[in-house]
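# Architecture and fold: a report
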Amino acid sequence: MADDLMQKIISLCKRRGFVFQSSEIYGGLKSAYDYGPLGVEMKRNLMNAWWRDTVHSREDVVGLDASIIMHPKVWQASGHLSGFSDPLVDCKVCKERFRADKAPAVEPGQEVTIELADKGRAKAALTYIEEQFGVTLKRSGRQLNGAKAGDRPYVCPNCGSPFMSDERNFNLMFRSFYGPVDPMGALASAIESGEFNGLSGADLRQKLDGFTKDSTVYLRPETAQAMFVQYANIQQSMSLKIPFGIAQAGKSFRNEITVEHFIFRSCEFEQMEMEFFCEPGTEDEWFEYWKETRMGWWKKFANNPENFRVRTHEASELAHYAKGCYDVEYRFPWGWDELEGIANRTDYDLKKHAEHSGSKIEYFDPVERKRYTPYVIEPAAGATRGVLTYLCDAYHEEQVEGPKGTDTRVVLKLHPQLAPVKVAVMPLVKKNGMPEKARALVDALFRRGINASYDAQNAIGKRYRRHDEIGTPWCLTIDGETLEDGTITIRDRDTMEQRRIPIDDAVTEIETLLRSE
RNA sequence: GCGGGAGUAACUCAGUGGUAGAGUGUCAGCUUCCCAAGCUGAAGGUCGCGGGUUCAAAUCCCGUCUCCCGCUCCA
């Protein structure tokens, strides 16, 4: 059933215009998705709600919309260039891929034992090693003895084998070249003129880097850094007093080793981040405050708040910049997984940028007459993950009795603030001036900024079901009585109940409902 | 990256070497006064992509891309 749920959501997303695979007619691009007409509405609704609640409804947070491409030194200072670039190695015996710096250490030449999962694999490995490396080992059960460690000071963490591929650097940041001159031109000339003759290994690598390093730029792997880099400009231009926050929402890019779960982990994704600057010594209370605030925010739109929880990070899982971290997790169909991280980043980032840029990044408290580097609490949420979360939370099936027997009704119980279409207006039948009245009502709703939809296709029952499936909270129907007494019906998505209201009150009624939810 | 599964109409899927199908959906018209309605008609398919075998390939073989599940990895 749980596996089923993702299939159903993915299918509904495509069928109804929420999410399509990117470049589908060309075979699709891995991990890239497009938000269709309903998906873009839902994602914007979510991000607008975040902006409204994080920036517009408080005095102590301001916004920023920074460039996605920043000075490359930003990523050097933040630690992303080194920290996001790990030497990975593949074991040729058991196919394990691992980080060289985390593998078990051995002395060169030391005798090692290789242990496979079972006897069959051990036999196959024995033959493979003999054929590929010309080394004959002794097998005993699922163990192979007699292998010696090579030049590298580690073995495979899975099977203990010293037979592995070269170390390969995996840079998790997207790299590009700034400027219209393609560095490949100069590189090609250099190769033709023999500049690379005789070079190999690290020397070759360094020489190659020399041709691209002046124009190399990166797509940001997180939106956070711009808020540290622009901290001083923002604090001064807005005369902000600590504590205060800077918020930003937008795209980030990471070459994830593994992408998975539809839009959950993709290389291009959207974040909603806020950096809250506070006085050292007060960070713990703000850490708790933002944990509570953010958790409450997620639950506000949820049908099943019990599927949201906070998990405290163990010291061993903390990122290099963090002193503490809470994850807001949601129970996805595949299990609990991260939706937002609330981190205590200390003064790490500001100090690093001060150090690398040479500019002073501090705060002067005019009352206390003291100067310090602020501490930072960072609630960093996944906007695209939020979309998936609320799709999962809202998806609901129920059995209903109809004229042709039992039928399954699919309802997206989206919070009205998140629903792509707020209200559908429909003539019960296409005659007696009903379509005209319905269209006039849609116009009246449009004029108040409410995303309404006119629908006269098929029978009334199908229209209701269609709007249930895309999460439209209310349907307004013009019928015979409307022509006599000026009332229409308003139908509730979740209960399917209907009541009559005057058509002249319809717009105000919807506005009231949208505000009260 | 490894292992497993899958890719045929917008969706769900049938089709094991011989003329590409069903249900749902979509569109048009008629009908219909409230919950998958009825009737009539219509549109829609490079069978993921590329190559091979064959008189003949959705079907067999090879490669490749994409998605899903598990592991691994990752903030």
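Notes on the structure in this doc start here. (Residues numbered from 1 in each chain as written. Chains lettered and ligands numbered in written order. Predicted model: local features only at pLDDT ≥ 70, side-chain atom pairs only at ≥ 80, totals over all residues. Heavy atoms only, no water.)

Turning next to the environment of Tyr-330. Mapped onto the secondary structure, Tyr-330 falls in strand β15 (residues 324-332). Taking C-alpha positions, Tyr-330 is 14 Å from Arg-265, a pair spaced 65 residues apart along the chain. Side-chain polar atoms of Tyr-330 contact the backbone nitrogen of Asp-393, separated by 3.3 Å. (Helix = DSSP H or I, 4+ residues; strand = E, 2+ residues; numbered from the N terminus. Polar contact = N/O pair within 3.5 Å; in protein donor to acceptor, adjacent residues only side chain to side chain.)

Residue position: Gln-271 is located in strand β13 (residues 268-278). Reaching out from Gln-271, the side chain makes a polar contact with the backbone nitrogen of Thr-223 at a distance of 3.0 Å.

In this section: the pairing of strand β25 (residues 487-492). Among the six residues in β25, five count as buried, and that is most of the element. One ladder, built from four bridges, connects strand β24 (residues 474-478) with β25; its direction is antiparallel. Each bridged residue has a counterpart across the sheet, and for Cys-475 the counterpart in β25 is Arg-491. Counted between consecutive antiparallel strands, the loop separating β25 from strand β26 (residues 498-502) contains five residues, among which Met-496 sits at a positive phi close to 65 degrees. (Buried < 20%, exposed > 50% of the residue type's maximum accessible area, 1.4 Å probe, protein only. Pairing = 2+ DSSP bridges.)

It is worth spelling out the nonpolar core at this point. Ranked by size, the top nonpolar core spans 55 residues in total, and within it Phe-18, Trp-298 and Tyr-390 carry the most contacts. Apart from residues no more than four positions distant in its own chain, Tyr-390 is found in contact with Met-42, Leu-46, Trp-297, Trp-298, Phe-301, Ala-302, Phe-308, Leu-414 and Leu-418. In this structure, Ala-226, Leu-240, Leu-350 and Tyr-372 belong to the second largest nonpolar core, which totals 24 residues. (Core = buried A, V, L, I, M, F, W, Y, C linked by side-chain atoms within 4.5 Å. Contact = heavy atoms within 4.5 Å.)

Structurally, Leu-388 can be placed in helix α12 (residues 383-394). Separated by 378 residues in sequence, Leu-388 and Ile-10 have C-alpha atoms that sit 9.8 Å apart. Sequence-distant contacts of Leu-388, defined by excluding residues within four places in its chain, comprise Met-6, His-261, Phe-262, Ile-263, Phe-264, Phe-332 and Trp-334.

Before going further, it helps to spend a moment on the sheet that holds strand β6 (residues 111-115). In space, the three strands of this open sheet follow the order β6-β8-β7, with antiparallel pairing throughout. Edge positions in the open sheet fall to β6 and β7 (138-140), since each of these has one partner strand only. Neighbour to neighbour, the strand axes of the sheet diverge by 30 degrees on average, direction disregarded. In this structure, β7 lies alongside strand β8 (residues 143-148), joined through three bridges in antiparallel fashion. The residue bridging Ser-140 from the neighbouring strand is Gln-143, located in β8. (Axes fitted to C-alpha atoms, helices over the stretch in contact; angles between N-to-C directions.)

Along its twelve residues, α12 runs 16 Å from first to last C-alpha, staying within 8% of the 16 Å computed at 1.5 Å per residue. With twelve of twelve residues buried, α12 is to be regarded as a mostly interior element. (Expected span 1.5 Å × (residues − 1).)

Moving on: the packing of helix α2 (residues 37-56) against α12. Packing of α2 against α12 brings their axes to within 10 Å, and their N-to-C directions diverge by 110 degrees. With respect to α12, the element α2 is oriented roughly perpendicular. By crossing handedness, the relation of α2 to α12 is classed as right-handed. In contact with Met-42, Lys-43, Leu-46 and Met-47 of α2, α12 contributes Ala-383, Thr-384, Gly-386, Val-387, Tyr-390 and Leu-391. Here the contact of α2 with α12 is composed, by residue class, of seven nonpolar, two polar and one charged. (Parallel < 35°, antiparallel > 145°, perpendicular 65-115°, else oblique. Left-handed = near helix turned anticlockwise from the far one by under 90°. Nonpolar A, V, L, I, M, F, W, Y, C, P; charged D, E, K, R; others polar.)

Between Ile-242 and the following residue, Pro-243, the backbone shows a cis peptide bond with an omega angle of 5 degrees. The residue Pro-243 is located in the loop between α9 (231-237) and β12 (244-253) in this model. At Ser-23, a position not held by glycine, the phi torsion is positive, near 50 degrees. With respect to the element layout, Ser-23 can be found in the loop between β1 (19-21) and β2 (33-35). Since its relative accessible area comes to 37%, Ser-23 is described here as partly exposed. At Phe-262, a residue that is not glycine, the phi angle is positive and equals roughly 55 degrees. With respect to the helices, strands and loops of the structure, Phe-262 is situated in the loop between β12 and β13. Residue Phe-262 is classed as buried on the basis of its relative accessible area, which comes to 11%.

Of note, Glu-222 is situated in the loop between β11 (216-218) and α8 (224-229). Residue classification places Glu-222 among the buried positions, given a relative accessible area of 5%. A distance of 3.5 Å separates the side chain of Glu-222 from the side chain of Arg-345, its partner in a polar contact. Setting aside residues up to four positions removed in sequence, Glu-222 forms contacts with Trp-75, His-80, Ser-252, Arg-254, Gln-271, Glu-273 and Arg-345.

Another point: the packing of α2 against helix α10 (residues 283-300). The N-to-C vectors of α2 and α10 enclose an angle of 140 degrees; their axes lie 12 Å apart at closest approach. Considering their axes alone, α2 and α10 lie oblique with respect to each other. You can see that α2 and α10 cross each other, and the crossing is right-handed. Facing Leu-46, Ala-49, Trp-50, Arg-52, Asp-53 and Thr-54 of α2, the residues of α10 in contact are Arg-294, Trp-297 and Lys-300. Looking at the contact of α2 with α10, its residues break down into four nonpolar, one polar and four charged.

Turning next to the environment of Ala-147. Along the chain, the position of Ala-147 falls in strand β8. Remark: the alpha-carbon pair of Ala-147 and Thr-54, spanning 93 residues in sequence, is separated by 59 Å. Every residue in contact with Ala-147, bar those within four places of it in the chain, is listed here: Gln-110, Glu-111, Val-112, Ile-114, Leu-137, Pro-162 and Phe-163.

Every one of the 55 residues lining RNA strand B counts as a neighbour, but Lys-14, Ser-31, Phe-262, His-313 and Tyr-464 are closest to it. Protein-adjacent atoms of RNA strand B, using a 4 Å cutoff, are sugar or phosphate at a proportion of 57%. Take Gln-21: an N or O atom from its side chain is 2.9 Å from a sugar or linking oxygen of RNA strand B. Within the residue set of the surface near RNA strand B, elements represented by two or more residues are α1 (2-15), β5 (97-99), β21 (405-412), α14 (460-470) and β25. If one sorts the elements of the surface near RNA strand B by residue count, α14 sits on top with six residues. Of the residues in the surface near RNA strand B, the class split is 15 nonpolar, 20 polar and 20 charged. (Near = heavy atom within 4 Å.)

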